[in-house]
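A look at the structure
The primary structure of each chain is shown beneath.
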Amino acid sequence: MKTRITELFGIQHPIIQGGMHFVGFAELAAAVSNAGGLGIITGLTQKTPELLAKEIARCREMTDKPFGVNLTFLPTVTSPDYPGYIKAIIEGGVKAVETAGNNPQKWLPVLKEHGIKVIHKCTSVRHSLKAEAIGCDAVSVDGFECGGHPGEDDVPNFILLPRAAEELKIPFVASGGMADGRSLVAALALGAEGMNMGTRFIATKEAPVHDNVKQAIVAASELDTRLVMRPLRNTERVLRNAAVDVLLAKERELGANLKFEDIIEQVAGVYPKIMLEGTMDAGAWSCGMVAGLIHDVPTCKELIDRIMVEAETIIQQRLAGFAKR
Ligand SMILES: Cc1cc2nc3c(=O)[nH]c(=O)nc-3n(C[C@H](O)[C@H](O)[C@H](O)COP(=O)(O)O)c2cc1C
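Residues numbered from 1 in each chain as written. Predicted model: local features only at pLDDT ≥ 70, side-chain atom pairs only at ≥ 80, totals over all residues. Heavy atoms only, no water.

**Observations regarding the environment of Glu206**
Relative to the helices and strands, Glu206 resides in the loop between helix H9 (199–202) and helix H10 (211–219). Given the relative accessible area of 26%, Glu206 is considered partly exposed. A sequence separation of 91 residues divides Glu206 from Val297, and the C-alpha atoms of the two residues are 9.4 Å apart. Among the polar contacts listed, one links the side chain of Glu206 to the backbone nitrogen of Cys300, at a separation of 2.9 Å. (Helix = DSSP H or I, 4+ residues; strand = E, 2+ residues; numbered from the N terminus. Buried < 20%, exposed > 50% of the residue type's maximum accessible area, 1.4 Å probe, protein only. Polar contact = N/O pair within 3.5 Å; in protein donor to acceptor, adjacent residues only side chain to side chain.)

**Quick word on the packing of helix H6 (residues 125–134) against helix H7 (residues 157–167)**
Between H6 and H7, the shortest axis-to-axis distance is 10 Å and the interhelical angle comes to 35 degrees. The chirality of how H6 crosses H7 is right-handed. Side by side, H6 and H7 meet where Val125, Leu129 and Glu132 of the first sit next to Leu160, Arg163, Ala164 and Glu167 of the second. Counted by class, the contact of H6 with H7 contains 4 nonpolar, no polar and 3 charged residues. (Axes fitted to C-alpha atoms, helices over the stretch in contact; angles between N-to-C directions. Left-handed = near helix turned anticlockwise from the far one by under 90°. Contact = heavy atoms within 4.5 Å. Nonpolar A, V, L, I, M, F, W, Y, C, P; charged D, E, K, R; others polar.)

**A closer look at the pairing of strand E4 (residues 96–101)**
A large share of E4 lies buried, amounting to 5 of its 6 residues. Relative to E4, strand E3 (residues 67–73) is paired through 6 bridges, and the arrangement is parallel. By the bridge assignment for E4, Thr72 is matched with Ala100. For the crossover from E4 across helix H5 (residues 108–113) to strand E5 (residues 117–122), the handedness is right-handed. (Pairing = 2+ DSSP bridges. Right-handed = clockwise from strand over helix to strand, strands pointing away.)

**Some thoughts on the site of the ligand**
Gly19, Lys121, Gly177, Gly198 and Thr199 are the nearest of the 23 residues found near the ligand. One nitrogen or oxygen atom from the side chain of Thr72 is found 2.9 Å from a nitrogen atom belonging to the ligand. Measuring from an oxygen atom of the ligand, one finds a side-chain N or O atom of Lys121 at 2.7 Å. In isolation the ligand has 600 Å² of accessible area, and contact with the protein removes 93% of it. Of all the secondary-structure elements, those providing two or more residues to the shell around the ligand are E3, strand E8 (195–197) and H9. (Near = heavy atom within 4 Å. Areas by Shrake-Rupley, 256 points an atom, 1.4 Å probe, with all protein chains shown as cover.)

**Describing a nonpolar patch on the surface**
A surface patch of nonpolar side chains, about 310 Å² in accessible area, is lined by Met1, Ile315, Leu319 and Phe322. Along the chain, Met1 falls in the segment before helix H1 (4–9). Relative accessible area serves as the criterion here: at 30%, Met1 is assigned to the partly exposed category. (Patch = residues over 30% accessible without salt bridge, like charges linked within 9 Å, V, L, I, M, F, W, Y side chains within 5 Å. Salt bridge = Lys/Arg side-chain N within 4 Å of Asp/Glu carboxyl O.)

**Looking at the packing of aromatic side chains**
All told, the structure shown has 4 aromatic pairs when counted by the stated rule. The interplanar angle of 70 degrees and the centroid separation of 6.1 Å between the aromatic rings of Phe22 and Phe25 together place this pair among those described as edge-to-face. We classify Phe22 as buried; its relative accessible area is 10%. Judged by its relative accessible area of 14%, Phe25 falls in the buried class. A ring pair is formed by Phe73 and Tyr82, whose centres lie 4.7 Å apart and whose planes are at 55 degrees; its orientation type is tilted. Residue Phe73 shares its accessibility class with Tyr82, and that shared class is buried. (Phe/Tyr/Trp six-rings, centres within 6.5 Å; stacked < 30°, edge-to-face > 60°.)

Right, here's the structure in full:
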């Protein structure tokens, strides 16, 4: 399948693995890229630029295909060493960067100068248009269904994607709620040129996370996620667990007076405990509603191959069949 996204990133299939904190290590990124998609290392999971450089080198040893790095621009006071991370990306020869969070404008000239393609993650049409205006090459349009930070507008992909298609000139991928061949065909029908998956890629053999995480996703239904931190305008979709119930009770109790410090125990530093140690109630961790569509733990190659076969069958048989009647 050839789309503007496969052309832009030099990949075989229009499938991207979104950056995921404490999931997007070299093992997963390499497995996705080896299967013909675009694997992404999560930059900030590596505590220093030096460690990111090592992770990029490790990934390079596992694949000769293109892969990318996610740079999440956090609204924190003490900023991570972004220039250092960007230097590691450039020197590591990485040609694709997925940016997310705050506006990446400041960093675009240096990335472009080194021939790096930038795909910015956006949860609204207005942010997508801004990304286009500042010179991003593509957008990952993240609907309300998505795991992680869906923004504050709550527009699901059935509306958000065709709205993005109405306005954008640069290509975009559908992100949030994507799991299989049906998702890919629907995304293409709504105007996207591929899809980005987060939660689905956690439940794969190569994802270097504790098996408890994979089993929690397989066991979860589409009813099992919750939105947390809405009062702080930093909404995150997470899998419901004991810590999330405590967090939501605090939100209800404190209302508009809620401060980050009140919920710090449930959200700060919890990812290593969950992803690496499998302590599933340690805190709130991102997970999409798409968990309801995830029933197994395949390899990345099995997953991607099956998506492509299913997508092509839907297009050539089911949809073509309707057109003939
Ligand atoms: C566990 C987890 C961690 C994530 N961490 C990040 C992150 O650090 N930076 C980022 O830009 N997106 C992050 N995301 C969002 C994903 O890249 C992707 O946009 C999202 O998962 C898509 O929705 P889906 O889960 O329905 O596929 C994370 C998602 C999950 C599930």
